[in-house]
Amino acid sequence: MEPLPFISTPYTEHWVAWTVFSLLLAIVLVKVFEPTLYVRAFSSLLGTKERDSIFVGSGVNLKSILVLILYGIVVLALVVQWILSEEKGFDLGDFGILAAMVAVMLLVRYVMQGVTAFIFYKGDTLTSFRRHYMYLNLCLVLLLFPVVLLAFFTHVPHTIVTIIISTLLILYLLLLIYKILVLLPLSLYTLLYLPLYILTVEILPLLLMLYVAAVIY
């Protein structure tokens, strides 16, 4: 009888534990650099135009931005690798490739989002949208991290974790739509812009990245 092929898991790969530890360290570092950032981010989720004035001028320093970019890339790469891991398992080389793909996807999305925001938002509205967009993405990757821990280090069924991830992504899109509707006046123009933006900037780059990752992985 031929031995069964070995498929690595987070339990068998030491680099996974070190990566998770690095993510925890990143969360702590950002807390040190920006003590109120997490509170501002989650408080802004349902903020209106009037409440938004509370956060005007509340910038984020460069150190925090760089740490959060790396944190987001690693978290999203781990999520993608977990989605694809049932057939191939966890390999550090594959994780590096997926992280690079996630970084490219985020860069493309950032450029597209910047162009569309510059076209459709003006002045203080543009500043407000960029700030809330940053906060919303920060909340998403922060909430995905415990889901990664749940998926990697417990025996929760794959389906349950998939439902949780899908729910977070749907909530992200719903909150993004809410932010856009709050910042832009409700009109036919807004209703035409909204689905175009969601499909081309938020969904399409993600789907393309997942498709390419599935083909390569």
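The sections below set out a description of the structure shown in this document.

Criteria and thresholds
Residues numbered from 1 in each chain as written. Predicted model: local features only at pLDDT ≥ 70, side-chain atom pairs only at ≥ 80, totals over all residues. Heavy atoms only, no water. Helix = DSSP H or I, 4+ residues; strand = E, 2+ residues; numbered from the N terminus. Buried < 20%, exposed > 50% of the residue type's maximum accessible area, 1.4 Å probe, protein only. Contact = heavy atoms within 4.5 Å. Areas by Shrake-Rupley, 256 points an atom, 1.4 Å probe, with all protein chains shown as cover. Phe/Tyr/Trp six-rings, centres within 6.5 Å; stacked < 30°, edge-to-face > 60°. Core = buried A, V, L, I, M, F, W, Y, C linked by side-chain atoms within 4.5 Å. Salt bridge = Lys/Arg side-chain N within 4 Å of Asp/Glu carboxyl O. Axes fitted to C-alpha atoms, helices over the stretch in contact; angles between N-to-C directions. Parallel < 35°, antiparallel > 145°, perpendicular 65-115°, else oblique. Left-handed = near helix turned anticlockwise from the far one by under 90°. Expected span 1.5 Å × (residues − 1). Patch = residues over 30% accessible without salt bridge, like charges linked within 9 Å, V, L, I, M, F, W, Y side chains within 5 Å. Arc of directions from axis to C-beta.

This next bit is on the overall build of the chain. Broken down by element type, the chain carries eight helices and zero strands. Tracing the chain from N to C terminus, the helices and strands come up as α-α-α-α-α-α-α-α. A buried classification covers 43% of the 217 residues belonging to the chain. Long-range contacts, defined here as pairs at least 24 residues apart, represent 76% of the contacts in the chain between residues at least 6 apart. When the accessible surface of the chain is totalled, it reaches about 12200 Å², and 77% of it is carbon and sulfur.

On to the packing of aromatic side chains, then. A full pass over the atoms with the stated rule returns six aromatic pairs. Plain terms: the ring middles of W18 and F21 are 6.2 Å apart, the flat faces sit at 90° to each other, and that makes the pair edge-to-face. Of this pair, W18 and F21 both sit in helix 1 (residues 14-33), three residues apart, which is roughly one turn of the helix. Aromatic side chains F129 and Y197 sit 6.3 Å apart centroid to centroid with 80° between the ring planes, which places their arrangement in the edge-to-face category. Here F129, found in helix 6 (residues 123-153), pairs with Y197, found in helix 8 (residues 188-216); they are 68 residues apart in sequence, far enough to count as distant. Owing to a relative accessible area of 1%, F129 belongs among the buried residues under this scheme. Given a relative accessible area of 1%, Y197 falls into the buried group. Ring-pair connections join several aromatic residues into one group, and the members of that group are F129, Y133 and Y197.

It is worth spelling out the nonpolar core at this point. Judged by nonpolar contacts, the single largest core of 64 residues is most densely connected at Y121, F129, L176, I180 and Y197. Only helix 1, helix 2 (37-43), helix 4 (62-88), helix 5 (92-120), helix 6, helix 7 (158-183) and helix 8 provide two or more residues apiece to this core. Sorting elements by how many residues they give to this core places helix 6 first, with 16 residues. Those residues in contact with Y121, other than ones at most four positions away along the chain, are L126, F129, I180, L183, L184 and Y193.

Turning our eyes to something else, we now look at the pattern of salt bridges. By the definition in use, this model includes two salt bridges. Among the ionic pairs, R109 bridges to E202, the shortest N-O distance being 3.1 Å. Here the residue R109 occupies a position in helix 5, and E202 occupies one in helix 8, the gap between them amounting to 93 residues. Relative accessible area serves as the criterion here: at 5%, E202 is assigned to the buried category.

Turning next to the packing of helix 7 against helix 8. Contact geometry of helix 7 with helix 8 gives a least axis separation of 11 Å together with a crossing angle of 140°. Accordingly, the angle class assigned to the pair helix 7 and helix 8 is oblique. The handedness of the crossing between helix 7 and helix 8 is right-handed. Where helix 7 abuts helix 8, its residues Y172, L173, L176, I177, I180 and L181 lie against T190, Y193, L194, Y197, I198, E202 and I203.

Between its first and last C-alpha, helix 7 extends 38 Å over 26 residues, near the 38 Å set by a 1.5 Å rise per residue. Looking only at helix 7, the buried set comprises V161, I165, L168, Y172, L175, L176, K179, I180 and L183.

Attention shifts here to a nonpolar patch on the surface. Where nonpolar side chains cluster on the molecular surface, the patch consists of L107, Y110, V111, V115, F118 and I119 and spans about 650 Å² of accessible area. Structurally, F118 can be placed in helix 5.

Its 20 residues place the ends of helix 1 29 Å apart at the C-alpha level, agreeing with the 28 Å of an ideal helix rising 1.5 Å per residue. All of the buried residues along helix 1 are W15, V16, T19, V20, L23, A26 and V30. When helix 1 is viewed along its axis, its buried side chains cluster within an angular range of 145° and face the same direction. Projecting away from the buried face of helix 1 at angles above 90 degrees are the exposed residues H14, W18 and V32.

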